[in-house]
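# Breakdown of the fold
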Amino acid sequence: MKTRTLYISDLDGTLLDSNSIVTSHSIENINHLLQKGMLFTIATARTPATVVPLLKQLQLDLPVVLMNGAVLYDIRNKHYIQTNGFTDDSALRYISVLENRDLIPFVYRIENNKLQVFHKPLVNDIQRDFKYKRENTPYKDFIPTDNYTAELTDNPPLFMLVIDRFDKLETAAAEITRAGNCSVFCYRDIAVPDYGNLEIYPKGVSKATTAQLIIDRINPWEVVAFGDNLNDLPLFNLADRRYAPVNATEEIKRQATAIIPDNDHDGVARFLCEDFL
């Protein structure tokens with residue numbers, strides 16, 4: 001039994017199925033392995049607002065990496081252990097670039113252990129659906145604003161997220177990458193490929209940099225990562241072994257040690273049962 005292997009899994013498209021849930025089969029098997037001493041945690045772009053309810057049946061002891069590494073979060077005690085946000089006014093410059101391209105960012109910061117998400121009027125159904133599914137939770141407040149600068153000058157944000165047509169996002173990402181000193185992730189929406197996500201973080205922030213805090217704490221003899229999309233590449237680069245579900249993007253599959261069953265057939269849980277026991 002490999003008691004010193006640390007397994008780190010992405011959620012969407014990886015541990016979660018197409019209905020964005022952890023199946024009962026995966027929950028049962030992963031909990032069984034956790035009881036036997038498996039070291040397992042999560043690294044995702046999601047926030048506590050969706051991660052806490054999604055994972056409430058999993059008996060996770062380790063902290064989880066959320067918001068693509070912007071925070072390390074204690075999921076048992078519902079507490080932010082570490083945040084890795086902007087410390088100057090550079091975020092406002094990136095917001096200006098986005099607004100000049102008619103893009104509306106969701107801008108995230110933490111106040112009193114709770115996320116605040118500032119945004120101007122939303123312009124497409126995918127943005128509105130994103131907000132609708134995540135508002136009215138104890139972990140996150142969406143706050144409409146007419147002026148990002150007024151909200152953020154004294155308390156810089158963690159990161160910015162833009163949801164729009166992928167071609168617009170790709171162009172904006174290239175401009176910000178050229179002019180900025182930040183980490184940029186731009187990738188297509190798996191369910192609606194014409195649209196995508198653009199995420200802007202302080203330079204160096206990624207799933208990998210924050211996962212390293214967990215690695216330093218427990219000192220495993222190897223790290224195994226699971227992921228399906230481009231924002232998982234830093235984590236793949238950190239891991240000793242890398243596994244991608246069949247449904248993953250081609251770039252991720254090219255970087256993988258091997259391909260596992262897709263997310264609708266409990267690929268991660270099935271692999272863990274074979275690899276850990």
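Everything that follows concerns the structure shown earlier in this document.
Reading guide: rules and limits
Residues numbered from 1 in each chain as written. Predicted model: local features only at pLDDT ≥ 70, side-chain atom pairs only at ≥ 80, totals over all residues. Heavy atoms only, no water. Helix = DSSP H or I, 4+ residues; strand = E, 2+ residues; numbered from the N terminus. Rg over C-alpha atoms; globule rule 2.2 N^0.38 Å. Contact = heavy atoms within 4.5 Å. Lys, Arg positive; Asp, Glu negative; His and termini not counted. Charge placed at Lys NZ, Arg CZ, Asp CG, Glu CD. Buried < 20%, exposed > 50% of the residue type's maximum accessible area, 1.4 Å probe, protein only. Pairing = 2+ DSSP bridges. Axes fitted to C-alpha atoms, helices over the stretch in contact; angles between N-to-C directions. Parallel < 35°, antiparallel > 145°, perpendicular 65-115°, else oblique. Left-handed = near helix turned anticlockwise from the far one by under 90°. Nonpolar A, V, L, I, M, F, W, Y, C, P; charged D, E, K, R; others polar. Expected span 1.5 Å × (residues − 1).

## Some points on the overall build of the protein
Secondary structure summary: the protein contains 11 helices and 14 strands in total. Its C-alpha atoms give the protein a radius of gyration of 18 Å, near enough to 19 Å, the size a compact globule of 277 residues would have. Once the C-alpha set of the protein is aligned to its principal axes, its extents read approximately 55 × 40 × 30 Å. By sequence separation, contacts in the protein at least 24 residues apart represent 62% of the contacts at least 6 residues apart. The protein carries 29 positive and 37 negative side-chain charges, and their two centres are separated by 2 Å.

## Some remarks on the pairing of strand E1 (residues 5–9)
With five of five residues buried, E1 lies mostly within the body of the structure. Residue alternation in E1 divides its side chains into two sets, Thr5, Tyr7 and Ser9 and Leu6 and Ile8, and both sets are buried. Both E1 and strand E12 (residues 222–226) contribute to a ladder of five bridges, which runs parallel. Its bridge partner being in E12, Ser9 is matched across the sheet by Phe226. Here four bridges tie E1 to strand E2 (residues 39–42), and the two strands are oriented parallel to one another. Each bridged residue has a counterpart across the sheet, and for Ile8 the counterpart in E2 is Thr41.

## Structural notes on the packing of helix H2 (residues 24–35) against helix H11 (residues 267–276)
Relative orientation of the contacting elements H2 and H11 amounts to 25°, with a least axis distance of 9 Å. It follows from the interaxial angle that H2 and H11 lie roughly parallel. Between H2 and H11 the crossing geometry is left-handed. Counted together, His25, Ser26, Asn29, Ile30 and Leu33 of H2 and Ala269, Arg270, Leu272, Cys273 and Phe276 of H11 form the full contact between these two elements. Within the contact of H2 with H11, the residues separate by chemical class into six nonpolar, three polar and one charged.

## A look at unusual backbone geometry
For residues besides glycine, phi is generally negative; the peptide bonds are generally trans as well. You will see that Asn68, though not glycine, has its phi angle at about 55°, which is positive. Along the chain, Asn68 turns up in the loop between strand E3 (64–66) and strand E4 (71–74). Classification of Asn68 by relative accessible area gives buried; the value is 1%. In this structure, Asn112 takes a positive phi of about 55° despite not being glycine. Its location among the elements puts Asn112 in the loop between strand E6 (105–111) and strand E7 (114–119).

## Points about H2
Spanning 12 residues, H2 covers 16 Å between terminal C-alpha atoms, matching the ideal 16 Å at 1.5 Å per step. Of all the residues in H2, the buried ones are Ser26, Ile27, Asn29, Ile30, Asn31, Leu33 and Leu34.

## Remarks on the environment of Arg128
Mapped onto the fold, Arg128 is located in helix H5 (residues 125–134). Residue classification places Arg128 among the partly exposed positions, given a relative accessible area of 38%. With 35 residues separating them in the primary sequence, Arg128 and Ile163 have C-alpha atoms 9.8 Å apart.

## Brief notes about the sheet that holds strand E8 (residues 140–144)
Taken in spatial order, the six strands make up an open sheet running E8-E7-E6-E9-E11-E10, and their pairing is mixed. The outermost strands of the open sheet, each flanked by one partner alone, are E8 and strand E10 (182–188). Averaged over all adjacent pairs, the angle separating strand axes in this sheet is 20°, with direction ignored. Pairing analysis gives five bridges linking E6 to E7, with the strands arranged antiparallel. Bridge pairing in E7 places Glu111 opposite Lys114. The sheet contacts of helix H4 (residues 90–100) involve E6, strand E9 (159–165), E10 and strand E11 (195–202), and relative to E9 the element is tilted by about 10°.

## Quick word on the packing of H4 against helix H7 (residues 166–179)
Across the interface, H4 lies against H7 with an axial gap of 10 Å and an inter-helix angle of 145°. Of the two possible hands of crossing, H4 and H7 adopt the one that is right-handed. Here H4 contributes Tyr94, Val97 and Leu98 to the contact with H7, which in turn contributes Ala172, Glu175 and Ile176. The class makeup of the residues in the contact of H4 with H7 is five nonpolar, no polar and one charged.

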